[in-house]
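Structural features, examined
Single-letter residue listing:
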Amino acid sequence: MTAPTAALVELAVAHGVATEYWNWQGEHVIVPSEVVSAVLAALGVDASTPDRAADALAEHQQDRWRRTLPATVVMRAGWTPWFAVHVPHGSSVEVWVDLEDGGQRRDIPQQEHLVEPQWVDGVQIGEATFQLPGDLPLGYHRLCARVGTSPEISVSTLIVTPRKLQPEKLHRTWGWVLQLYSVRSRRSWGIGDLHDLADIAAWSAHDLGAGFVLVNPLHAAETAGRMEPSPYLPASRRFSNPIYLRIEDIDEYGDLAPAERDRVRALSLQTRALSEDANALDRDTVWAAKREALQVLFGVRPSIGRIAEYGAYCDRESQGLIDFATWAAIADVHGPEWSKWPEELREPGAPAVVAFRNENPDAVEFHCWLQWQLDEQLARTQSRAKAAGMSLGVVHDLAVGVHPDGADAWALQSVLAQGIHVGAPPDAFNQQGQDWSQPPWRPNALAETGYAAWRDLVRAEMRHGGGLRIDHILGMFRLWWVTSPERPTEGTYVRYDHEALIGILVLEATRAGVTVIGEDLGTVEPWVRDYLTERGILGTSVLWFERDPQGNPLAPELWRELCLATVTTHDLPPTAGYLAGDHVELRNRLGLLTRPVAEELAVDEAERDSWLNALRERHLLRNTDGDVERIVEALHQYVAHTPAKLVGVALTDAVGERRTQNQPGTTDEYPNWRVPLGGPDGQPVMVEDLPNNHRLRRLIGALNI
């Protein structure tokens, strides 16, 4: 591996690719030229030789002069930004804005700003500077320009976003943090579903005063072949996973013929028996049964009103729904990995794909229908949560990316980088780095398309909830691109236009009335948290990671107010397991440590002891208290003493679960995302058991929020 040349560094910087960075141990790292070139290649830039890198840099410098308008202009309400318009030197140009609501603004004044013309492709091009007015309405508009008397109009996207959200107006509250699939009831089909979520929300709001319930991503997974267990590696982030449907809640269930209803009931009884298994969830068996039942229900003729409602849903979701359903239907025939499909089916707009859709209308329609059923049950879940008294209701979770062979990766190939993965550099808890195997957004392609895919995704995720958590929100500023799946340490950061991505997030949240929570853990540039606060996005504070500059536990009064505060996170064991050092033992057993286990255990024990001492100093724990349940309560009391607007309680902590849900850096070496909710005795804990769980009641009572 060699260090990048000065020319390669200049090219990389022009495309937002880092050629150096500081790692988690404070060491300065120079990114090898081979890594930089591979990342540039994924952005469509050939830097394979010094000459090609020089040519690519020259092309990049002239690109902006070749286009009349910028691809996308993003501004905040009240701002009056300048933007450049490029025309043949000496030509006149007319500029205006077509507003989202059908109106028009022509008060776009040209500014005195002398820029020397440039020769581009044999034509002398001039640059005119215009200024946008500060009173443009929020929304997605069209920035238009006409050169001279030409009949052609150049168009780009203009996005006006709010200055900030208003988290200061939130009433302080607490809520559950849970993995829905793991929380089963005696009526669910072997896996937690949306009816279970609604029941938990309504009960905890009315009986316990909870204000929200934060769930794992409910994104769509494969519906053919083995279903990916990780909710953070979905087939699609815009659409949802039908495994979460409660079959009996579908309206057409009441119209089943006796024989059909008997068949569905038999399937229900088979899968409910799976809930007795305390060891591992069986998604594939559950989905096979649910799919058969859903196929039966799909054949029931709906009422005219239901037909109209379904039509309205399809109209709203438009081509995105059609593409998703087409991917799912093709996957039913050729398997879920589109990279292994016949060549002619690998492009969503290919003639063979259109032909498949026309030849298999019922198969495509079935997957559209499933998404409609999910839309209805998601809406009903949020409605029940709010009706029971929750201030926010359901807080959804947006994963960082998607499966490289999933629906989004197939449908959105033009805006996703190929042959590259998103991951994370080494840190204290994942010392070998992480490869999340997800294709990242191409920042240049997002801008060229007016961020349409991002807008559609965010809007869909906010439709049926009171909040949205953004996993690894730091990825909207920069992402770690991994060039070698076998070695996640071989990668570098790529910059994104955070003003655009965060601005769209704030715009959609304002329109939906949603609170946004950014998971801002890990290696964070100091200014990033300040920026998120400036835009009204809550941060995330986890007790184990909150320390002062001297490395001591951070006093509760010094924690951030504008954040979601918790004791633990899904990437660590429940608190009972963490106190026992289970996470160190597990990582050692799986070969994930980079220093001797004795050293790791000693460091871990010292860190835990520092927190126990902090609890004693605050009189939350007596010197004689060694009971794990009492320590867990005290840790949650500590978090409750912070000014945090939102306090999250892991349901696993409330019932005494000890097993970790996910161990980063592994796939099948550990049953990630397949651990059902259980108690300290290892036996399943069902939704119906929660109201009478004394351990849970004591923990929530100790919060005093």
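Residues numbered from 1 in each chain as written. Predicted model: local features only at pLDDT ≥ 70, side-chain atom pairs only at ≥ 80, totals over all residues. Heavy atoms only, no water.

A closer look at the packing of aromatic side chains
Per the counting criterion, the structure on display carries 18 aromatic pairs. With centroids separated by 5.0 Å and ring planes inclined at 85 degrees, the aromatic side chains of tryptophan 174 and tryptophan 176 adopt a geometry described as edge-to-face. For the pair tryptophan 174 and tryptophan 176, a shared accessibility class is recorded, and that class is buried. Clustering of aromatic rings is evident, with ring pairs tying together Tyr21, Trp480 and Tyr493. Of note, arginine 283 hangs over the ring of tyrosine 181, and the distance from its end group to the ring centre comes to 4.5 Å. (Phe/Tyr/Trp six-rings, centres within 6.5 Å; stacked < 30°, edge-to-face > 60°. Buried < 20%, exposed > 50% of the residue type's maximum accessible area, 1.4 Å probe, protein only. Lys NZ or Arg CZ within 6 Å of the ring centre and 35° of its normal.)

Considering helix α7 (residues 304-334)
Along its 31 residues, α7 runs just 35 Å from first to last C-alpha, ending more than 12% under the 45 Å computed at 1.5 Å per residue. At serine 318, α7 is bent by approximately 100 degrees, the largest bend along its length. In the segment just after α7, glycine 335 is the residue with positive phi, at about 95 degrees. (Helix = DSSP H or I, 4+ residues; strand = E, 2+ residues; numbered from the N terminus. Expected span 1.5 Å × (residues − 1). Bend = angle between axes of the 7 residues up to and from the residue.)

Considerations on the pattern of salt bridges
Inspection of the entire model under this criterion finds 55 salt bridges. A salt bridge links arginine 495 to glutamate 525, with the shortest nitrogen-to-oxygen separation between them at 2.6 Å. Remark: glutamate 525 occurs in the loop between β22 (515-518) and α14 (526-534) and arginine 495 occurs in strand β21 (residues 491-495); sequence separation between them is 30 residues. Here glutamate 525 falls in the buried class, since its relative accessible area comes to 16%. A salt bridge links arginine 698 to glutamate 629; the nearest nitrogen and oxygen atoms lie 2.7 Å apart. Residue arginine 698 is found in helix α20 (residues 694-703), and its partner glutamate 629 is found in helix α18 (residues 628-640); the two are separated by 69 residues along the sequence. A cluster of three or more residues bridged by salt bridges with shared partners is formed by Arg238, Arg316, Glu317, Asp375, Asp456, Arg459, Arg463 and Glu508. (Salt bridge = Lys/Arg side-chain N within 4 Å of Asp/Glu carboxyl O.)

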